Amino acid sequence: MTIRPIVRFPDLRIRSVAEPISVFDDELRRVADDLTETMHAAPGIGITAPHIGMLKRLVVIEVSPTIGPRCYVNPTILWASDEMIRHVEGSVSMPGVTEEIERHARVRIGYQTLDGDEAVEEAEGLLAVCHQHEIDQLDGLFWIERLSRLKRERLVKRYQKQQRRL
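This one's a predicted model, so the numbers in the text were calculated from it and none came from an experiment. (Residues numbered from 1 in each chain as written. Predicted model: local features only at pLDDT ≥ 70, side-chain atom pairs only at ≥ 80, totals over all residues. Heavy atoms only, no water.)

Trainee: Account for the packing of aromatic side chains, with residues named and values stated.
Mentor: For the structure shown, the criterion picks out 4 aromatic pairs. For the ring pair F9 and Y159, a centre distance of 6.0 Å and an interplane angle of 75 degrees mean the geometry is edge-to-face. Here Y159 lies in helix α3 (residues 149–165) and F9 lies in the segment before α1 (26–41), a separation of 150 residues in the sequence. For the residue pair F9 and Y159, the accessibility class agrees, reading buried in each case. Ring pairs connect the aromatic residues F9, F142, W143 and Y159, which therefore count as one cluster. (Phe/Tyr/Trp six-rings, centres within 6.5 Å; stacked < 30°, edge-to-face > 60°. Helix = DSSP H or I, 4+ residues; strand = E, 2+ residues; numbered from the N terminus. Buried < 20%, exposed > 50% of the residue type's maximum accessible area, 1.4 Å probe, protein only.)

Take a look at the structure:
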């Protein structure tokens, strides 16, 4: 397993639409392992292949160490509840800044496993937020686009100021 460099905001690759995966092989498993290692090192609880510059529909999420990391290939939201929740979000591509985002409280996603098997998962709370956040990323929608223009501009300025200090 390798920790890969993370694409940083404002790199356009984090706003590009990822392509579906059609080959389920050892290379895909290696990339999933690398994503997991990279997510842990960041640190984060979710990461996508576009975060490491690969425009492929692959996600790794780990909201609980007891459950461990889960891989989702070609995930899509099949259903979302009408009920909404607010949760603080951030990104491994924009470390050090967070903001509260409104998302659906529950979702049902369809995806494929690393073996190519079809699967469905229902999620609520933090896991539902993570699914929506990472699927947005695969669709080329970086999380800050969910903020009002004013909040987004303030967050970007805060991030830029922080980066100048590094």
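From this point, the narrative continues.
Trainee: I'd like a rundown of the state of the cysteines, residues and numbers included.
Mentor: Taken as a whole and assessed by the stated rule, the structure comprises 0 disulfides. Summary of cysteine pairing: C130 is not part of a disulfide, and the nearest cysteine sulfur, belonging to C71, is at 14 Å. Take C130: its relative accessible area is 6%, and that puts it in the buried class. (Disulfide = S-S within 2.5 Å.)

Trainee: How would you summarise α1 if you had to cite specific residues and measurements?
Mentor: Because an α-helix packs 3.6 residues into every turn, residues spaced three or four apart end up facing the same way. The end-to-end C-alpha distance of α1, which contains 16 residues, comes to 23 Å, matching closely the 22 Å that a straight helix rising 1.5 Å per residue would cover. Every buried residue of α1 is listed here: L28, V31, A32, D34, L35, T36, T38 and M39. Close packing links the buried residues of α1 with β1 (46–48), β2 (58–61) and β3 (70–80). Between a side-chain oxygen at the N-terminus of α1 and the backbone nitrogen of E27 the separation is 3.2 Å; the capping residue is D25. (Expected span 1.5 Å × (residues − 1). Contact = heavy atoms within 4.5 Å. Polar contact = N/O pair within 3.5 Å; in protein donor to acceptor, adjacent residues only side chain to side chain.)

Trainee: Before we move on, can you summarise the side chain of S91 with the specific residues and values?
Mentor: Along the chain, S91 turns up in the loop between β4 (84–89) and β5 (99–104). For S91, the side chain forms a polar contact with the main-chain nitrogen of S93, separated by 3.0 Å. Leaving out residues up to four positions away in the same chain, S91 has contacts with H51, F142 and W143.

Trainee: Any chance you could break down the sheet that holds strand β7 (residues 118–124) for me, citing the residues and the numbers?
Mentor: Remark on secondary structure: sheet strands pair via backbone hydrogen bonds, oriented parallel or antiparallel. The strand order across the open sheet built from 5 strands is β1-β2-β3-β6-β7, with neighbouring strands paired in antiparallel fashion. Among the strands making up the open sheet, the edge pair consists of β1 and β7. When the angles between neighbouring strand axes are averaged without regard to direction, this sheet yields 40 degrees. The strands touched by α1 are β1, β2 and β3; relative to β2, the strand with the most contacts, the crossing angle is about 40 degrees. Running over the sheet, helix α2 (residues 125–138) touches β1, β2, β3, β6 (106–112) and β7 and is turned about 125 degrees from β7. (Pairing = 2+ DSSP bridges. Axes fitted to C-alpha atoms, helices over the stretch in contact; angles between N-to-C directions.)

Trainee: Can you lay out the environment of R158 for me, pointing to particular residues and giving the numbers?
Mentor: With respect to the element layout, R158 can be found in helix α3. Judged by relative accessible area, R158 falls into the partly exposed class, the value being 41%. Remark: the alpha-carbon pair of R158 and G44, spanning 114 residues in sequence, is separated by 20 Å. If sequence neighbours within four positions are ignored, R158 has contacts with V97, T98 and E99.

Trainee: Describe the pattern of salt bridges, with residues and values.
Mentor: Under the counting rule described, the total for this entry stands at 16 salt bridges. Taking the shortest distance from any N to any O, the salt bridge between K56 and E19 comes out at 3.9 Å. On the criterion of sequence distance, the pair formed by K56 in the loop between β1 and β2 and E19 in the segment before α1 is long-range, its members being 37 residues apart. Relative accessible area serves as the criterion here: at 49%, E19 is assigned to the partly exposed category. Among the ionic pairs, R30 bridges to E27, the shortest N-O distance being 3.2 Å. Of this pair, R30 and E27 are both found in helix α1, 3 residues apart, which corresponds to roughly one turn of the helix. Of the residues examined, R30 reaches a relative accessible area of 46% and is grouped as partly exposed. Given a relative accessible area of 37%, E27 falls into the partly exposed group. Bridged by salt links that share partners, the residues E89, R103, D136 and R146 form one connected network. (Salt bridge = Lys/Arg side-chain N within 4 Å of Asp/Glu carboxyl O.)

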